[in-house]
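# Fold and contact review
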Amino acid sequence: MKQFRLPGAAGARHARPWSLALLALLALCAVHVAQAQGALAPAARTPAARTPAAGTPAARTPAAGTPAARTPAARTPGAGTPPAITQAARSAPPKPPPEGDLAVPSVTVEGERPSNRIDRQVYDIKADVSTSNGSAADALGNVPSVAVDLDGSVSLRGNNNVQILIDGKPSAMLQGENRGAALAAMAADDIESVEVINNPGAQFGNDGGGGPIINLVTRRNRGAGGMGVANLNAGTGGRANTALSGSYNQGRFSFQGGVNVRHDGRDTRATVARERIDPVSGAVRRSTQEARGEGLNDAFGINGGVGYNLGTRSKLAATIAYSKRSNDQHGRDHYANHSATGELDSDVTRTSERSGSSGSNSWGVRGEHKGDADGEPFKMDLRVSSSSNRNDSAYAHRYVYDSDGRQRAFSRQGSGIRNRMTDWTGDYERSVDAAMLKLGYKLARNAGSVDARYVNIDALTMDETDNAARSNRFELDETTAALYGSWQWRVDERWGVLGGLRAEYTRLDIRQLTARTAARNDYLSTIPSFFISYKASDQSTVRLSYAHRIQRPAAGDLNPFVVYRDELNVSSGNPGLLPSEADSLELGLDTTLGPVATNLRAFLRKEHDLISERRYFIGENVLLTTRDNGGSRQSGGLEFRLGGKVGKTLSLSTSGNVGYSEQAYLNSGGAAVRRSATSLNVRGRINYQVSAADQLQVVLNRQGKTLIGQGVREPNATLNLSFRHSLTPRLNVVLNVTDVFDSNKTQTRIDSDILRESSLRRSDGRLVYVGLSYRLGGVTPGGRRPGA
C-alpha cells in the first residue's frame, strides 16, 4: 500500500485548486475553533448547562433500523423522546453509541433533508415532490454530487466507481450491466432515504467497486397499525407506471411489501465522428456513425418482508424480492468509412431488431439478539440474490458501396449475462467504558458468467453458420472472507473518534470455456479508516475522515475474448488485471450562517493501478476497447451545500462541488500520458408553497467536465419541474416535467496519439407525467389518524 501524502512545501508553487480549497477550509475551521474556545465560559462547563458534543453519545440520533438510544440519561427531549430526565439520571455514566451514529443537529430543507453522521451524509427524499411517479434513478439524480447518465450509470463527485447498496448490503441486481435497468425499474417511492458515504468505514466491504458508497434505505413503518401509499401515473408517448406499497405492525409481527409496474424508456440518437491517425506516417482515415434506437420497456417488481419479535431481546426477519424488465428495441445504424486519401471505402446501413429481458430476485433472513449488557447487540444477516440479462438481436446489413462488392448480409447475435451473489455477515457491539467496540465478519461468493453467440446467415439459403471469432463463454467465481473491527471513543464533550481496520481475503477463479483455459488469483488486503468529529460550538462541527479502498476487476474486465458490438467497435477484457487502490481524505465543516444551514467538504483522492480504458485499432476502422492497470488519478475539490427558508413559503438550497482531476493513461506505445480538468457541478432547488394545498418544486442540475479514459465528457445541464396539489389530506395530484428544455445529452471527446473522436448522444429528454398519489392509513398531514 502506497502512502498517501498531502501536498508539501515543495509543491506549493504548483498548488492545485483543490489544495487551495483545503487550506481555505482549514483556516475557516480554525476560526470557528478559536471563536468557540474563547466564547466558552466556565459556567457552560457545568453538568447542568453542558451541551452534548457532536460525536458524543449525548448528541446521538439513532439511525434507521438501529436499536433505541442506549443512553436515555443523556437524551435531549424532542419528538418521540421521554420527558425531562432526573438529576440522578444525569450523573449516570454515558454509554457510547454504535459505530457511525455520531450525529449533529440536522438541517431541514423541503425535498432534501440532510442529517449528517460522522461517516456519512443522509438525505431524506420522502418530501421530494417527484418521488411519487419517478424511479430510483430519478431520485438519485436529485441527491447532491450524484449524477445519473442516459444509461443509468451513477457517478459521485465525477467518480464512476460507485457501490450501490440496499439497506447496507450488496445485491446482484445492482452489479455490472444490470444496474441501469434495475434503478430504472425500482420505484422511488420505495426509498426512505439515501446515504452518501464518500469515505466508507471498516464495516463496509469492497464488493462491486470499492469506491464511495450510495446506500438506498427502504421505507419502513415503525409505528403500530398499518399505512400505505398508492400511485398511478401517465406520461407522454404512452408511458405509464403504478405502484402500491404498505406495512402493518401488530403485536410481535410486522409486515411490509410493495408492487410496481412501469412502461417507459427513451428513444436515443447518436453521432460519432472518428479519425484514425497512423503514428508513423501521420496519415488520417475518417469514419462516421449515425445511430438511432427506439422502443419502450416494460418493468415489474414486487417485494415483501415479515418480522417477528422473540420476546424483548431477540427478533427475526425475512425478505424476498423479484423484478423483471424488457429490453426490446428497434435500431438503425449508418457507417461510412474513408481511405487515407479521402475516398469512400464503404457505406453500410444496419437495421436491428432486439428482444430480451433482465431480471433479478433475492431473499434474505436476519436475526438480532441483545445481550445482558446495555448496548450489546449481535446481528446476523444472510442474503442471496441473482440477476440475468438476455438479449437476442437480428441484424440486416445493406452495403450501398463496398470494395468487396457485397450487397446484403444477415446475422444474429445472442448474449446472456448471469450473476449470483451470496452474502453472510455478522456484527457484534459492546460498550467498553466511554467507548464502543464493534466486531464483524463477512463470507461472500459472487459467481458470474457471460455467454455470447454470433451466427452468419446466408441470404439465399437462410443457413446459419456459427462465427467462432465472435462467440464465447466465460465464467468468474469470486470468493471473499473478511474480518473487521472498529473502536468509537468519546474523548470528551466535544471530541469524538472512530477508527477501524478491515482485512479481506479474495480468491478469483477464471474460466474461459471457449478457449478451454483457466486461471486463479488470490490476494489479501488490509483496509484502514478513521473519523474525527469536533463540536466547535452549538452551531458548528468540524469533521476529518480518511479511508483506504480497493477496486477489484469485474467479470467483463477480465474476459479476454473479443466481443463484437457493431461494425466499428469491439471490446475485450484483460485477465491480468490487479485491483486498483485508492486513498481518500476529507475535511468538513457543518455550521449555520444566520438562517442558512451550511455544509462544506474539502476532499482529496489518489488512485493508483487504476483500471482504465485503453483503445487501439485492430483493423482498418475497427476500434478495440480494453482495460489496463497503467493509469493513475488524483482528484480533489470543495463540495458545498447551502439551504434555508425565505419566509414561511419559500425554501432554497444549492449544492455541488468545484473540483480538479488529473489522470494518466497509456498511449499506443505504452507510455503514460497525463491530462487534467477543472469542473464545476451545481444543483439548485426551489420549493415554493403556493398555498396550503399547492407546492411547486424546480431543480436545476449542471454537471461539469469529467475525465473518462482517454478523453473527457463535456458539461451538461437540465431543468426539472414538479407540482403537487392536495385534493384531500390523503389524495394528491402530481405533475412532473423532466428536462424542461430538452437539453439532456452525453457528449464526449477523445484525443490520443492514434485516435481523435467526437460523439454526441441524446435521448427523449422532455417527459411529462401526471399522476395521483393516495395515502392509506397512518397519519394524515393534518395529524389525524383514520377514522379520527
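Right above here is the structure, for reference.
These lines cover the structure that appears in this document, whether it is placed above or below. For every chain, the first residue of the written sequence is number 1, and numbering continues from 1 along that sequence. Reporting in this predicted model follows two pLDDT cut-offs: at least 70 for local features of residues, and 80 or more for side-chain atom pairs to be given and counted; totals over whole chains, interfaces and linings ignore these cut-offs and use all residues. Computation of side-chain values: all heavy atoms of the structure, hydrogens and water removed.

## Comments concerning the overall build of the protein
In this description a helix means any DSSP run of H or I spanning at least four residues, a strand means any run of E spanning at least two, and both kinds are numbered starting from the N terminus. Of the regular secondary structure elements, the protein holds five helices and 39 strands. Each residue is placed in one exposure class: buried if its accessible area under a 1.4 Å probe, protein chains only, is under 20% of its type's maximum, exposed if it is over 50%, and partly exposed if it falls in between. Buried residues in the protein amount to 50% of all 788 residues. By definition in these notes, contact holds between two residues if any of their heavy atoms fall within 4.5 Å. Look at the contacts in the protein between residues 6 or more apart in sequence, and 66% of them connect residues 24 or more apart. Exposure was quantified through the Shrake-Rupley algorithm and a 1.4 Å probe, taking into account, for residues, occlusion by the shown protein chains and nothing else. Total accessible area on the protein is roughly 34700 Å²; 57% of this is exposed by carbon and sulfur atoms.

## Some remarks on the pattern of salt bridges
Only one rule defines a salt bridge in this text: a Lys or Arg side-chain nitrogen within 4 Å of an Asp or Glu carboxyl oxygen. This structure, assessed with the given rule, holds 37 salt bridges. The salt bridge involving aspartate 264 is made with arginine 262; its shortest N-O contact spans 3.1 Å. By the burial criterion, aspartate 264 is buried, and arginine 262 matches it. Close ionic contact of lysine 315 with glutamate 368 constitutes a salt bridge, the shortest N to O distance being 3.9 Å. Of the two residues, lysine 315 sits in strand E14 (residues 314-326) while glutamate 368 sits in strand E16 (residues 344-370), which places them 53 residues apart along the sequence. Given a relative accessible area of 38%, lysine 315 falls into the partly exposed group. Relative accessible area serves as the criterion here: at 11%, glutamate 368 is assigned to the buried category. Each of Arg157, Arg543, Glu586, Asp590, Arg601 and Glu639 takes part in a single network of salt bridges with overlapping partners.

## Observations concerning the pairing of strand E19 (residues 435-457)
When DSSP finds two or more bridges between two strands, those strands count as paired. Bridging between strand E18 (residues 408-432) and E19 involves 23 bridges; their strand directions are antiparallel. Across the sheet, residue valine 432 finds its bridge partner in E19, namely alanine 435. Once E18 ends, the chain turns through two residues before running back antiparallel as E19, passing aspartate 433 with a positive phi of about 55°.

## Observations concerning the nonpolar core
Take the buried Ala, Val, Leu, Ile, Met, Phe, Trp, Tyr and Cys residues and link them wherever side-chain atoms come within 4.5 Å; each set so joined is a nonpolar core. In terms of nonpolar packing, the biggest core is built from 24 residues, with Leu140, Leu183, Val194, Ile214 and Leu216 touching the most fellow members. Elements supplying a minimum of two residues to this core: helix H3 (136-140), strand E4 (154-156), strand E5 (163-166), helix H4 (178-185), strand E6 (191-197) and strand E7 (213-218). Of all the elements, H3 adds the most residues to this core, at four residues. Each residue touching leucine 216, except ones within four places of it in the same chain, is listed here: Leu140, Ile164, Leu165, Ile166, Asp167, Leu183, Met186, Ile191, Ser193 and Val194. The next biggest cluster of nonpolar side chains, apart from the first, holds eight residues, and it includes Phe474, Leu508, Ile510 and Leu577.

## Quick look at the pairing of strand E10 (residues 253-264)
Two elements, strand E9 (residues 240-250) and E10, share eleven bridges in a ladder whose sense is antiparallel. Residue tyrosine 248 lies in a different strand from E10, and its bridge partner there is phenylalanine 255. Connecting the antiparallel pair E9 and E10 is a turn made up of two residues, with glycine 251 showing a positive phi of about 60°. Across twelve bridges, the pairing between E10 and strand E13 (residues 297-310) is antiparallel. In the sheet register, valine 259 faces E13, and the bridge partner there is isoleucine 302.

## Digging into unusual backbone geometry
For residues besides glycine, phi is generally negative; the peptide bonds are generally trans as well. In this model, aspartate 167 sits at a positive phi of 55°, which is unusual for a non-glycine residue. Turning to its location among the elements, aspartate 167 is positioned in the loop between E5 and H4. Residue aspartate 433 is not a glycine yet carries a positive backbone phi of 55°. Tracing the chain through its elements places aspartate 433 in the loop between E18 and E19.

## Structural notes on the packing of aromatic side chains
Ring pairs shown here join Phe, Tyr and Trp side chains whose ring centres sit within 6.5 Å, with only the six-membered ring taken for Trp; geometry is labelled stacked below 30 degrees between planes, edge-to-face above 60, and tilted in between. Scanning the entire structure with this criterion turns up five aromatic pairs. Here the aromatic rings of phenylalanine 253 and tyrosine 308 are separated by 4.7 Å at their centres, their planes lie at 50°, and the arrangement is tilted. With phenylalanine 253 in strand E10 and tyrosine 308 in strand E13, the pair connects residues that are 55 residues apart, well separated along the chain. Judged by relative accessible area, which is 28%, tyrosine 308 ranks as partly exposed. Measuring from centroid to centroid gives 4.3 Å for tryptophan 495 and tyrosine 534, while their planes differ by 40°, and the two rings are tilted. Taken together, the residues span a long stretch of sequence, with tryptophan 495 in strand E22 (residues 495-512) and tyrosine 534 in strand E23 (residues 517-535) at a distance of 39 residues. Every member of this aromatic cluster is reached through a ring pair, and the members are Phe253, Phe255 and Tyr308. Seen from the ring of phenylalanine 603, arginine 157 lies directly overhead, with NZ or CZ sitting 4.2 Å from the centre. We call a charge positioned above a ring when the Lys NZ or Arg CZ atom is no farther than 6 Å from the ring centre and deviates by at most 35 degrees from the ring normal.

## Here's the deal with the side chain of asparagine 297
Positionally, asparagine 297 belongs in strand E13. Classification of asparagine 297 as buried rests on a relative accessible area of 13%. Apart from the residues within four sequence positions on either side, asparagine 297 is in contact with Arg262, His263, Asp264, Arg325, Ser326, Asn327 and Asp328.

## Points about a nonpolar patch on the surface
Put simply, a patch holds well-exposed residues, over 30% relative accessible area, that have no salt bridge, with like charges counted together within 9 Å and Val, Leu, Ile, Met, Phe, Trp or Tyr side chains within 5 Å. On the surface, a nonpolar cluster with roughly 620 Å² of combined accessible area is contributed by Leu244, Val259, Val261, Phe300, Ile302, Tyr322, Tyr774 and Leu776. For the nonpolar patch, the secondary structure elements donating two or more residues are E10, E13 and strand E39 (767-777). With respect to the helices and strands, tyrosine 774 occurs in strand E39.

## Let's talk about a positive patch on the surface
Residues Arg292, Arg332, Arg398 and Arg408 make up a contiguous surface patch of positive charge. Position of arginine 332 among the secondary structure elements: in strand E15 (residues 329-338). We count Lys and Arg on the positive side and Asp and Glu on the negative side, and we leave His and both chain ends out. Throughout, a charge is located at the NZ atom of Lys, the CZ atom of Arg, the CG atom of Asp or the CD atom of Glu.

## Notes on the environment of lysine 645
Note on placement: lysine 645 falls in strand E29 (residues 623-646). Along the primary structure lysine 645 and alanine 597 are separated by 48 residues, whereas in three dimensions their C-alpha atoms are 9.7 Å apart.

## Things to note about the side chain of serine 346
One can find serine 346 in strand E16. For serine 346, a relative accessible area of 8% translates into the label buried. Separated by 2.9 Å, the side chains of serine 346 and asparagine 337 make a polar contact. Residues adjacent in sequence count toward polar contacts only when both atoms are side-chain atoms; beyond that, a polar contact is any pair of N or O atoms within 3.5 Å, and within protein one must be able to donate a hydrogen and the other to accept it.

All we've got here are geometric facts, nothing functional implied.
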